[in-house]
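Chains, contacts and geometry: an overview
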Amino acid sequence: MSNTKIRVKDLQLYYGEFHALMDINIDIIENKVTALIGPSGCGKSTFLRTLNRMNDLIDHVKIKGNILIDGIDIYDIACDLTHLRKRVGMVFQKPNPFSKTIYENISYGPRIHGIKEKSKLDEIVEKSLKKAALWDEVKNRLNKPALGLSGGQQQRLCIARCLAVEPDVILMDEPTSALDPISTLKVENLLEELKREYTIVIVTHNMQQAGRVSDYTSFFLNGEIIEKDLTKNIFSKPRDKRTQDYITGRFG
Ligand SMILES: Nc1ncnc2c1ncn2[C@@H]1O[C@H](COP(=O)(O)OP(=O)(O)OP(=O)(O)O)[C@@H](O)[C@H]1O
Ligand SMILES: [Mg+2]
């Protein structure tokens, strides 16, 4: 059975006068991976950021429409932003660990959210690193600087840091574009595991990756969703010529 985790209704986003997202309507399904594809500048990152209100940090942004997570409008005045960002975690294109130890990177979020006991924090650190498939590589160097890890390890650390606060939704903006093929494969395999527990939305420029990791795909062009469907349909029988042109590499 598939449940809607996030429902986006008639979403419009403006950067000043510029209409960057137009009439976005989409249901994002729980415990599935949804890929967002489309050429550079079409609004993928902008859309991703609307899902945890990261655009609120940008001046001159105006948003209309509704985004419901578990049926509750996240743009409602009553929505608690700290709570929202805990529930909807984000992983960025470039790994961005804090300049602290591996342990502190993971325990930081839980501590902010009030967990103090060392034993509990130890447990969260271990569990999160295991879920991010990084534990075996770092268990003997938890008190070493995170910035001493390789790029691929740093990205898995950022995933672990995101998992440590127990989100329901994970947003990933081109999470493997800065990684080598082996690290990329590790992150892709991880997604397969993570979707059992989390709802994942991933932006990717890599068509093969979208095909491998996602259940659903939305094709964005010039701020609109041109087509959204099961990934296998998008890649085997797209309905719109523009989708077809994009996935076959004719533009973008
Ligand atoms: N802070 C901002 N202020 C004004 N315009 C912005 C801002 N951020 C993005 N834009 C514009 O909004 C449009 C969508 O940008 P966005 O970054 O969402 O695209 P994208 O699909 O993620 O592209 P890419 O694949 O290159 O990452 C672009 O025209 C971009 O120039
Ligand atoms: Mg982007």
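That block above? That's the structure.
Description of the structure in this document. Since the structure is predicted, the reported quantities are computational estimates derived from the model, not experimental observations. In every chain, residue numbers begin from 1 and rise along the written sequence. Ligands are numbered from 1 and chains lettered from A, in the order in which they are written. In keeping with the predicted nature of the model, local features appear solely for residues at pLDDT of at least 70, side-chain atom pairs appear and are counted solely at 80 or more, and the whole-chain, interface and lining totals rest on all residues. Hydrogens and waters are ignored; side-chain quantities use all the structure's heavy atoms.

This part covers a nonpolar patch on the surface. For patch detection, residues must exceed 30% relative accessible area and be free of salt bridges, and they are connected within 9 Å for like charges or within 5 Å for nonpolar side chains (Val, Leu, Ile, Met, Phe, Trp, Tyr). What sets the accessible areas is the Shrake-Rupley method with a 1.4 Å probe; for residues, cover comes only from the shown protein chains. A pairing counts as a salt bridge when a side-chain nitrogen of Lys or Arg comes within 4 Å of a carboxyl oxygen of Asp or Glu. On the surface, F98, Y108 and I112 cluster together into a nonpolar patch covering about 270 Å² of accessible area. Following the sequence through the fold, I112 ends up in helix α3 (residues 102-112). What counts as a helix is a DSSP run of H or I of at least four residues, what counts as a strand is a run of E of at least two, and both are numbered from the N terminus.

The next point concerns the packing of helix α4 (residues 118-131) against helix α6 (residues 151-164). At a minimum axis separation of 8 Å, α4 and α6 run at an interaxial angle of 130 degrees. Between α4 and α6, the angle falls in the class oblique. Classified by chirality, the crossing of α6 by α4 is right-handed. When α4 is examined against α6, the residues I124, S128, L129 and K131 are found in contact with a partner set consisting of L157, A160, L163 and A164. Lines are fitted to the C-alpha atoms to define the axes, a helix being fitted only along its stretch in contact, and any angle between axes, read from their N-to-C directions, falls within 0 to 180 degrees. Orientation labels follow simple angle bins: below 35 degrees gives roughly parallel, above 145 gives roughly antiparallel, 65 to 115 gives roughly perpendicular, and whatever is left gives oblique. The handedness criterion is simple: a crossing whose near helix is rotated anticlockwise from the far helix by less than a right angle is left-handed, and one whose near helix is rotated clockwise is right-handed. In what follows, residue pairs with any heavy atoms lying within 4.5 Å of each other are defined as contacts.

Whenever strands of a sheet pair, they do so through backbone hydrogen bonds, lying parallel or antiparallel. DSSP bridges decide pairing: two strands pair if at least two such bridges lie between them. If you walk across this open sheet you meet the 4 strands as β2-β1-β4-β5, and the pairing is antiparallel. Two strands bound the open sheet, and with one partner strand each, they are β2 (18-29) and β5 (72-73). Here strand β4 (residues 61-69) runs beside β5; their pairing, made up of 2 bridges, is antiparallel. Residue I69 lies in a different strand from β5, and its bridge partner there is I72.

Note that every value here comes from positions in space, so none of it alone points to a role or purpose.
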